[in-house]
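Spelled out, the chains give:
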Amino acid sequence: MEGVTLWDVGVERQIEISGPDAFDFTNLLVTRDLSKCAVGQCKYVFLTDQHGGILNDPILLRLEENRFWLSLADSDILLWARGVATHAGMDVRIEEIDVGPVQVQGPKSFALMRDLLGGSVADIRYYYLQDYTIDGIEVTVSRTGYTGEIGYEIYVHNASRDAERLWDLVLDAGKPHGLRVIGPCHIRRIEGGMLAHGADITVDTTPFEVGMGYDWMVDLDQEADFIGKDALRRIKQEGPARKLVGLELGGDPLGSYNDGSMIDAFPVHHEGEVVGRVTSACYSPRLEKNIGLALVPSALSEIGTRFLVDTGERPGAQKPSGKELVDAEVVPKPFIDPSKEQPKSDVTSLGTDSARSGTGT
């Protein structure tokens, strides 16, 4: 990615949790310790059930001491949260609010956002947020996204009224910077090792299986309880039976979108047996190879382990039936920028002149 892109992600659902017990209740829902989340900060979080299975992995935004948003791609977390609140007996209000996000992503996103919002956008740190008014439209802007690049999400507060006008304002601000409108980029999110709900993670997978059971992501030492804490403590002690690994795959280019139910025919073979499945895969133009994520037995998750993967029966394949077994090898993930230096980078290093002219890279 070299320029700047605009994504319509209005399908995302924003669940607001507020009220006197909002902090304690939200801390009960997620596996992270929210005492380490300041007002004005965002966190990538897991919501797990009592068995430690992942219900969803939203971005959490803390707007006030007792006011949170869960930014969800999908699923019925609204109903789950209301059910938990009923049994927890906590004083909270949980509702799906009229907020619609768009994403501005790419190396030139700062240049666009500076023109749209002014110089203070440079003060928004990675995974922090700030409120703005754009031509009378109230928005919350966070430095987050689904690309692993410098990027921002603009949350329109009164989306049913103002989202279309906000979209036009962003388009106008993007013209000097060569803005392109695209959909969510699965190639970039796979390259960055980002997980897709319903593909790489489901209620049948746990944080430890997908390599996200770190102390900061699943804080088992925090004083507060959260749903699934006991189960996840046991899973950590026993070790997960399977793990999500990065794969490089041979064969013809796989295209850009092979996620979840699209790739039910991507079984992973080892020594003549099916031992796992690819959960997401694509051809990476940047790496010039097929890459993907796969759930395999933990004993076969070491770097360098080799498999055969059946890619022959995927929808749209050149071979509509029959097996096409290609070589695959476990490699480190993320495939690009494992320390996430790109999205964390200092946007002011782009330079004032280059940012305004849209020539920053």
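Residues numbered from 1 in each chain as written. Predicted model: local features only at pLDDT ≥ 70, side-chain atom pairs only at ≥ 80, totals over all residues. Heavy atoms only, no water.

A few points about the pattern of salt bridges
Summed over all chains, the structure comprises 21 salt bridges. Residue Glu 149 pairs with Arg 286 through a salt bridge whose shortest N-O separation is 3.4 Å. Within this pair, whereas Glu 149 is found in the loop between strand 11 (137–142) and strand 12 (151–156), its partner Arg 286 is found in the loop between strand 17 (273–284) and strand 18 (289–297), the two being separated by 137 residues in sequence. A relative accessible area of 8% means that Glu 149 is categorised as buried. (Salt bridge = Lys/Arg side-chain N within 4 Å of Asp/Glu carboxyl O. Helix = DSSP H or I, 4+ residues; strand = E, 2+ residues; numbered from the N terminus. Buried < 20%, exposed > 50% of the residue type's maximum accessible area, 1.4 Å probe, protein only.)

Re the pairing of strand 9 (residues 100–105)
Within strand 9, 6 of the 6 residues are buried, which leaves the element mostly enclosed by the surrounding structure. Side chains of strand 9 alternate between two faces, with Gly 100, Val 102 and Val 104 and Pro 101, Gln 103 and Gln 105 buried alike. The sheet contact formed by strand 1 (residues 5–8) and strand 9 spans 4 bridges and is antiparallel. Residue pairing across strands places Asp 8 opposite Val 102, the latter belonging to strand 9. Across 6 bridges, the pairing between strand 9 and strand 12 is antiparallel. The residue bridging Pro 101 from the neighbouring strand is Tyr 155, located in strand 12. (Pairing = 2+ DSSP bridges.)

Examining unusual backbone geometry
In this model, Lys 333 is joined to Pro 334 through a cis peptide bond whose omega is 0 degrees. Within the element layout of this structure, Pro 334 appears in the loop between strand 20 (325–331) and helix 7 (341–344). Positive phi outside glycine occurs at Tyr 127, with the angle close to 65 degrees. One can find Tyr 127 in the loop between helix 3 (109–117) and strand 10 (129–134). Here the phi dihedral of Asp 337 falls at roughly 55 degrees; this positive angle occurs in a residue that is not glycine. Note that Asp 337 resides in the loop between strand 20 and helix 7. For Asp 337, a relative accessible area of 17% corresponds to the buried category.

A few points about the pairing of strand 20
Note: strand 14 (residues 242–249) against strand 20, 4 bridges, orientation antiparallel. By the bridge assignment for strand 20, Gly 246 is matched with Val 331. In terms of strand pairing, strand 19 (residues 306–310) meets strand 20 through 5 bridges, oriented antiparallel. Across the sheet, Arg 306 pairs through a bridge with Glu 329, a residue of strand 20.

Quick look at the sheet that holds strand 7 (residues 67–72)
Taking strand neighbours across the sheet as the criterion, the 5 strands line up as 3-6-7-2-8 in an open arrangement whose pairing is antiparallel. Two strands bound the open sheet, and with one partner strand each, they are strand 3 (42–44) and strand 8 (93–96). Across the sheet, the mean angle from the axis of one strand to that of its neighbour is 20 degrees, orientation sign disregarded. Running over the sheet, helix 1 (residues 22–29) touches strand 2 (13–18), strand 6 (59–64), strand 7 and strand 8 and is turned about 130 degrees from strand 2. (Axes fitted to C-alpha atoms, helices over the stretch in contact; angles between N-to-C directions. Contact = heavy atoms within 4.5 Å.)

Quick notes on the side chain of Asn 290
By the secondary structure assignment, Asn 290 is in strand 18. In this structure Asn 290 comes out as buried when scored by relative accessible area, which is 2%. Looking at Asn 290, its side chain comes within polar contact range of the main-chain oxygen of Gly 250, at 3.2 Å. Reaching out from Asn 290, the side chain makes a polar contact with the backbone nitrogen of Leu 254 at a distance of 3.0 Å. (Polar contact = N/O pair within 3.5 Å; in protein donor to acceptor, adjacent residues only side chain to side chain.)

Worth remembering: the numbers are spatial, not functional.
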